Amino acid sequence: MSELLLPPEHRYAKIIEQKLNDEGSELSVLNLGPTHPATHGIFQNVLLMDGERILEAEPTIGYIHRAFEKIAENRPFYQITPLTDRMNYCSSPINNMGWWMTLEKLLDIEVPKRAQYLRVIVMELARITDHIICNSILGVDTGAYTGFLYVFQFREKIYEIYEEICGARLTTNMGRIGGFERDWSEAAFKKLDIFLEEFPIAWKEFENLFERNRIFIDRTVNVGPISAEQAMAYGFTGPNLRAAGVDYDVRVAQPYSSYEDFDFIVPVGKSGDTYDRFCVRNAEVWESLSIIRQALAKMPEGNVFHAEVPDYYLPPKEDVYTNMESLIYHFKIVMGEVPVPVAEIYHPVEGGNGELGFYLVTDGSRTPYRLHFRRPCFIYYQAYPEMIKGAMLSDAIVILSSLNVIAGELDA
Amino acid sequence: MSDSNINMVAPPEGVTGEGFFATKLNDVVGLARANSLWPLPFATSCCGIEFMATMASHYDLARFGSERVSFSPRQADMLMVMGTISKKMGPILRQVYEQMAEPRWVIAVGACASSGGIFDTYSVLQGIDKVIPVDVYVPGCPPRPEQILDGVMKLQELVKSESVRRRSSPEYQELLASYNIQ
Amino acid sequence: MALETIEIQDKLIETFGENVFNFNQEKDIFSLEVASDKITAVILFLKNDPILRFHFLTDLCGIHYPDNEVDRQFAIVYHLHNWYENKRIKIKAFINGEKPEIKTISNIFLSSNWMERETYDFYGVNFIGHPQLKRILNMDEMISFPMRKEFPLEDSGRTDKDDRFFGRTTTNC
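Please read these numbers as outputs of a predicted model, since none were measured by experiment.

With that settled, consider the interface of chain A and chain B. Contact with chain A, which involves 27 residues of that partner, is made by 27 residues of chain B. Elements that contribute at least two residues to the side of chain A that touches chain B include exactly helix 2 (68–72), helix 6 (145–166) and helix 18 (407–411) of chain A. The element that contributes the greatest number of residues to the side of chain A that touches chain B is helix 6 of chain A, accounting for six residues. For the side of chain A that touches chain B, a count of residues per class yields 15 nonpolar, six polar and six charged.

Residues and elements named next belong to chain B. Geometrically, the link from Glu-102 to Pro-103 is a cis peptide bond, its omega value of -5° lying close to zero. Inspection of the secondary structure puts Pro-103 in the loop between helix 3 (90–99) and strand 5 (105–109). The linkage connecting Cys-141 with the following residue, Pro-142, adopts the cis geometry, with an omega of -5°. Secondary-structure assignment places Pro-142 in the loop between strand 6 (136–138) and helix 5 (145–161). We note that Asp-60 has phi near 55°; this positive angle belongs to a residue other than glycine.

With that settled, consider the sheet that holds strand 3 (residues 56–64) of chain C. All names here are of chain C. If you walk across this open sheet you meet the five strands as 1-2-5-4-3, and the pairing is mixed. The strands lining the two open edges of the sheet, one partner per strand, are strand 1 (20–26) and strand 3. If you compare each strand with its neighbour and ignore which way they point, the axes differ by 20° on average. Where strand 3 lies against strand 4 (residues 74–82), eight bridges are found, and the strand directions are antiparallel.

What follows is about the sheet that holds strand 5 (residues 355–361) of chain A. All names here are of chain A. Spatially, the three strands line up as an open sheet ordered 4-5-6, and their pairing is antiparallel. Only two strands of the sheet have a single neighbouring strand rather than two, namely strand 4 (344–350) and strand 6 (370–374). Pairs of neighbouring strands in the sheet enclose a mean axial angle of 10°, with direction left out of account. Across seven bridges, strand 4 lies against strand 5 in antiparallel orientation. Pairing of Glu-344 across the sheet is with Val-361, part of strand 5. Sitting on the sheet, helix 4 (residues 92–107) is in contact with strand 4 and strand 5, with an inclination near 145° to strand 4.

The interface is formed by eight residues belonging to chain C together with eight residues belonging to chain B. Class assignment for the residues of the side of chain C that touches chain B results in three nonpolar, one polar and four charged.

Within the UniProt annotation, "domain: NADH:ubiquinone oxidoreductase 30kDa subunit" (unreviewed entry) is assigned to residues 33–155 of chain C. For the annotated span residues 33–155 of chain C, helix accounts for 18% and strand for 28% of the residues, and the straight-line distance between the end C-alpha atoms is 35 Å.

Conventions adopted
Residues numbered from 1 in each chain as written. Chains lettered and ligands numbered in written order. Predicted model: local features only at pLDDT ≥ 70, side-chain atom pairs only at ≥ 80, totals over all residues. Contact = placed C-beta atoms within 7 Å. Helix = DSSP H or I, 4+ residues; strand = E, 2+ residues; numbered from the N terminus. Nonpolar A, V, L, I, M, F, W, Y, C, P; charged D, E, K, R; others polar. Pairing = 2+ DSSP bridges. Axes fitted to C-alpha atoms, helices over the stretch in contact; angles between N-to-C directions. UniProt positions renumbered as here; feature names shortened; annotations may be inferred.

As structure tokens, this is what we get:
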């Protein structure tokens, strides 16, 4: 039986003994997690330490395994949205929209331009919230609590916009097949304008607080670097890959929801270290802001917010109670009597952490036959033991938070 | 102090005289405990993000005497379980609870911690009250920060009215025994 | 010049003959089927061929088809991506339902390590040659494979939900 199949302590015991015999130095085993305060989530790593240095690490995951894929096989399409919310809960709207777009690809539905632009706005807002969390928590981990308190105010502002759009804050469950469930209120646009005015000032200050900060630079430059080749081999996507210098972005490579209409750059780093990851995320926030502004400027006139697909678009609830036709459609959709083609679909979107893919296999029934989520965190977290090898213990924490591993997405 | 709008907590019922104030020990202890609850955030998923918002400047849990987040279970008074607890996580949660010193309270924040929520699956524990006793349940998926604050305030009410002898009473021992704790 | 699907198809047929079949354009993804014993060779070829250059493994997952004949009860699905030409390809390999096993590609793509472990965890597919094939998401003590279709979604041992209150009996759920 291979050693790797046993708990890591078995493997470590041999190394410890050998090292003691060869050099007379004593190694120790440290269990980091699963509920370590510094790891922001449930990750266990059994570390083999030489003093403060990490020699080996073995991660254990699955502490919040919730069986999303199994649930999805038992739920009709509309009931799967809440699951996508809870995957990467820092940027739920991206997950929601990704799921709707997968279904639209399956059903060949063309979404009106205005709805696409609205989607772009809300997805970019979600990207901003994601990056706010990641970068401000990185600040907390390097000892700068102020930045966190400062920019978290603006997360609340974004939540307020979400509330205007869909009524929920964090797990938004936003949208429908073909568009949104309701048109955006005037208040939503007003709040968005205020946000676009106020947030850049705060974000600039936040950046200034860190970018040239001696302590922050000492803690992050050359900490946890990963080369482009290595990152690609480990399946990195998103900001973490771009920090290593590869400009792969699904928004550019395979534009969805009219991303091709907007002019933005894909920021890349150089060395793939923690500092670069921080800077790439910072830069992406600026790009997101610019995309939102462009989308608002180019927004087509009118108030179209969904495609005319009564077979799949869940009618508004008040119509269901008063209108015969709506009631029939509601019944058909909820009971799964609408035609669903037998197909296999893969649809990627650029999530907060990288390529978020939905692989959907249908057999014509009301539930998916198989739904697999390509969760970026799950795939790149396997590089973590490699990245912290040789680093200090305190750096391991910083590297983890700069990778922005979201437990819900990791464990599915 | 006079020109700021800081609210001081009201003294418990008692008899005031010249140079003395007589009241029940229970009330004084309860008052002190209730306004200095150190939370131990056991955040696993989505609700943890809402807890971060609760801790941050906008909602500021510190206003209720919980400024100091105790990540060590040894010094914590109130265990806030936020997020899904899977069966793999159950024993760990229990261990954390066992490490806490008496008196200890538990808040189950969110639907998952309270009942398993929407995850009625083979891998998810259907409510943390299967493994540890819970004092306050906060509904919501995830609850808003206001709801979390409300949960903390409800717990404060409980703490205020708790008898100092409760933790050594046979009923309490029985409760722990029913969870197989010590 | 963009990489045409016909070119991929021709090259694969030229090299692997009858071991690659069922070429199909599904919406935006070109897909094919591979005989399961040739999977490592095909993927290595797709990765290293100077024209094809499918150098990125996007995704790997399993599917259970309990109603198929016994030789095709499990499918392993590989999504590869060529970033130079921005071309995606989907490869499916069907394997035996009673003794599901297939060669690992973790020596070709490092990233497939955990994805294969996940597939093992969910379906019990044995990836021959995988360095650390053990459960990843579920508990080590678990004996069944939860994503197989016969496995129930809900925990059978639960006591908190009384079926009578949900209108369920043993016959209707």
